[in-house]
Amino acid sequence: MIKNLVIVESPAKAKTIEKFLGDEFIVKSSYGHVRDLEKKNNGVEIENNFKPLYKVPADKKNVVKDLKKFAEDAEVVWLASDEDREGEAIAWHLKEVLKLKDDKIKRIIFHEITKNAILNAIKNPRNIDYNLVEAQQARRILDRLVGFKLSPVLWRKVKPSLSAGRVQSVAVRLIVEREREIDGFKPESKYRVVAEFIGNNSNGKKNIFKAELNKRFDSQKEAEDFLNSCVDADFIIDSLEKKPVKKSPAAPFTTSTLQQEASRKLRFSVARTMRVAQSLYEAGHITYMRTDSVNLSDFALNAAKDEIIKRNGKEYSHTRQYKTKSSSAQEAHEAIRPSYFEKESINGTPDEQALYELIWKRAIASQMSDAEIERTTVKIVLSNRDEYFTAKGEVIKFDGFLNVYLESTDDENGDSESEGILPPLNKGEKLNFQKINAVERFSRPAPRYTEASLVKKLEELGIGRPSTYAPTISTIQKRGYVVKEERPGVEREYGSLSLSPEGKIVSERLKEITGAEKGKLYPSDIAMLVNDFLLEYFPKILDYKFTAHVEKELDDIAEGKLDWHAMLDEFYHPFNDQVEHTLETSERVSGERILGIDPKTKKQVSVRMARFGPVAQLTDLDDPEAKPEYAGLRSGQKLEQITLEEALELFKLPRTVGDYDGEEVVAAIGRFGPYLRYKGKFYSLGNDYDPHTIQIDDAIHVIEEKMKKDAEKIIKVFEEDENYQIQNGRWGAFLKAGKKNIPIPKDREPSSLTYEECLELEKNYTPGRKRKSKKS
């Protein structure tokens, strides 16, 4: 007889908890089994279909059956899934599938996996919170309703295999609208003037400091006129203001701020951050990582205080309790923090160590004293002009929390001068300059979203919750609506004027790279089409306020203020009517644009969305029977913006790059992207080379590298029949017999196999049943 059975989601979590409990407890993993939802009769019903959230080992396939046996033998079953709504739903699902009676189960929750937290949870069990369960069920059903209903509409009206989602489609809308804002942006240029003045430091040595003019000039002539006036001007310090400033630390991490800061400081994707945070939580290193609260428990506040005083001294300690700005935050939860403040670092993978250090620093800094800074602002006037220069500097008088941590920002405006230390200066002092520069600077559009800034925007709009940010961003990329990539900038000229102390002005036209992007989110052409279609026919689904309102209603269900059936009923009927109306009345969309006529062939040139992506098309309007010619768009080209000239360039493929060993090398674009064709074989160019511009030397390099890899792949070729080869594969050596890939017994040395033995292997080979690939 088992006295106590504790069920958690993951093996890692089970292993950590097991260390803190005595022999009277057995801890088992359910591998996060949840009850899935399936479409039935054009609607959605809850089915008894369990699926694992974690990978289940081959020897654990009967996990539910095994849990039933353990549960039957146990006196008490402790359901210890996570504290959020999904965790509550898992606890309820387990109760149902294991057929557990209410008097036999106890629900326990904890914010961290430590001995004190686990033992305290066992002392204070509760019942399953059915409000939380219903809120989670409502979310899943609502999301499936939108997905099951909208996706078939997109298949018929836009393109097969597309998908839509309640939150994902809104996230895509944000990215599409930002891209169009950037596309429509017209940069304006102004001349920014910065002077380098000469001061003297305390030991009499020259100290150069920068000051910026309070005005920017619209033209080069205005900037040049100003510099000419500076030749005879006196530069006098009109005012010098010293002001004490206090800088306070940021609050400890919530899910979204952790995702944002890990992106900025560690270059982690949102999914990577959550994957690493999950492993840190399950190992007992940090508190629960899905939270929108900035609260810290009294235990945490005291532990942080003790550690700060021990490390830095009493003057560095300042206990704070933060309040979240989000009205939907669950303040009963706790911010993300280390389980043990005395552990500044941990053992683990490099990712785990880096993320833990970030969490530790942020949490400890939140309980440290303000930094005390003396900020100096100097106003420097000209004797013959109304404009004036401003120099700013700051000195840290007491570093406080800056001793440990400083929050990063998403600010991409690189124009501002950093505030360094100014030399000793006095009001009325006359200054000399080393040089004055007037440089043409251009206005910038709003920046493209990164994963981190998209999370921030979703949170600001009240769309999604801590548990949904990472899946949403992963989904829109997997579905092909959004790509995250680096793109090179373009060269741009700008004007530069420089005035020397001798009164000489040097005018130059310089070049810079602008628009280079790294790790930004770009919408695909299909995202543009789908977004426009949904906005036209389902504006409510894509409305930011409506999506945020749904999140508020789910919160109300979780608090017992709203009936989930009523909420779903109110949504479903008008939504379903709109689906039927759209299927009946809307036209199929392809985003087709007529660009003009090809001067050479007199054929019509157009672009549209085809089955495998955006294409340019040449159509002979005089011969309806003639088949159109097609060419795929290049990376970075858009259906909405491509010009006639750019489209005609696409039809220059396939092109002959040159000769290699007497054979022609041809570059082209196919269904799977750009490639080279040589001696009847194909060599992918990936994103490394452009098939329109690749030269023969680079083409030979691509071909030889592929030949080298193929040669390393082949272990043995049989003279009797070259179609029989022993090759190295991803899962080890195998026999390639024509089109068949036959595994080699593990007790055989692959290179020792004879041709006759290979024939025998082929004869006895029974192909396994192929797995059906998951539809995206």
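Overview of the structure. (Residues numbered from 1 in each chain as written. Predicted model: local features only at pLDDT ≥ 70, side-chain atom pairs only at ≥ 80, totals over all residues. Heavy atoms only, no water.)

### What about the side chain of Ser81?
Then, number 1: Looking at the secondary structure, you find Ser81 in the loop between β5 (74-79) and α3 (85-97).
Then, number 2: We classify Ser81 as buried; its relative accessible area is 3%.
Then, number 3: A distance of 2.6 Å separates the side chain of Ser81 from the backbone oxygen of Gly87, its partner in a polar contact.
Then, number 4: Leaving out residues up to four positions away in the same chain, Ser81 has contacts with Ile7, Glu9, Lys13, Gly87, Glu88, Ile90, Ala91, Arg107 and Ile108. (Helix = DSSP H or I, 4+ residues; strand = E, 2+ residues; numbered from the N terminus. Buried < 20%, exposed > 50% of the residue type's maximum accessible area, 1.4 Å probe, protein only. Polar contact = N/O pair within 3.5 Å; in protein donor to acceptor, adjacent residues only side chain to side chain. Contact = heavy atoms within 4.5 Å.)

### What about the packing of aromatic side chains?
Then, number 1: With the rule as written, the count across this model stands at 18 aromatic pairs.
Then, number 2: When the ring of Tyr281 is compared with that of Tyr288, the centres are 5.2 Å apart and the planes differ by 70°; the resulting orientation is edge-to-face.
Then, number 3: When its relative accessible area of 1% is taken as the criterion, Tyr281 is described as buried.
Then, number 4: Judged by its relative accessible area of 3%, Tyr288 is buried.
Then, number 5: Ring pairs connect the aromatic residues Phe197, Phe209, Phe217, Phe226, Phe235, Phe389 and Phe433, which therefore count as one cluster.
Then, number 6: Here the guanidinium or amino end of Arg441 rests over the ring plane of Tyr494, the centre of that ring lying 5.0 Å away. (Phe/Tyr/Trp six-rings, centres within 6.5 Å; stacked < 30°, edge-to-face > 60°. Lys NZ or Arg CZ within 6 Å of the ring centre and 35° of its normal.)

### Examining a negative patch on the surface
Then, number 1: A contiguous patch of negative charge on the surface is contributed by Asp659, Asp661, Glu663, Glu664, Glu704 and Glu705.
Then, number 2: Looking at the negative patch, the elements with two or more residues in it are β22 (663-670) and α18 (696-713).
Then, number 3: By secondary structure assignment, the location of Asp661 is in the loop between β21 (655-660) and β22.
Then, number 4: On the basis of relative accessibility, which here comes to 61%, the residue Asp661 falls in the exposed class. (Patch = residues over 30% accessible without salt bridge, like charges linked within 9 Å, V, L, I, M, F, W, Y side chains within 5 Å. Areas by Shrake-Rupley, 256 points an atom, 1.4 Å probe, with all protein chains shown as cover. Salt bridge = Lys/Arg side-chain N within 4 Å of Asp/Glu carboxyl O. Lys, Arg positive; Asp, Glu negative; His and termini not counted. Charge placed at Lys NZ, Arg CZ, Asp CG, Glu CD.)

### A few points about the sheet that holds strand β27 (residues 732-737)
Then, number 1: What the four strands build is an open sheet, ordered β25-β26-β27-β28; its pairing is antiparallel. Bordering the open sheet on either side are β25 (714-717) and β28 (740-743), each of which pairs with just one other strand. When strand polarity is set aside, the average angle formed by the axes of neighbouring strands in this sheet is 25°.
Then, number 2: Looking at chain direction, strand β26 (residues 724-729) and β27 are connected through six bridges and run antiparallel. Across the sheet, the residue bridging to Gln727 is Phe734, located in β27.
Then, number 3: Sheet strands touched by α18: β25 and β26. Its angle to β25, the strand with the most contacts, is close to 70°.
Then, number 4: Of the strands in this sheet, β26, β27 and β28 touch helix α19 (residues 755-764), which is tilted by about 75° from β26. (Pairing = 2+ DSSP bridges. Axes fitted to C-alpha atoms, helices over the stretch in contact; angles between N-to-C directions.)

### Side note on α18
Then, number 1: Here α18 is 18 residues long and its end C-alpha atoms lie 26 Å apart, about the 26 Å a rise of 1.5 Å per residue gives.
Then, number 2: When α18 is considered as a whole, its buried residues turn out to be Ala699, Ile700, Val702 and Ile703. Down the axis of α18, the buried set is contained in an arc of 160°. They therefore lie on one face. Exposed residues on α18 whose side chains face more than 90 degrees from its buried face are Asp697, Lys709 and Glu712.
Then, number 3: On its buried face, α18 sits against β21, β22, β23 (673-678) and β24 (681-684). (Expected span 1.5 Å × (residues − 1). Arc of directions from axis to C-beta.)

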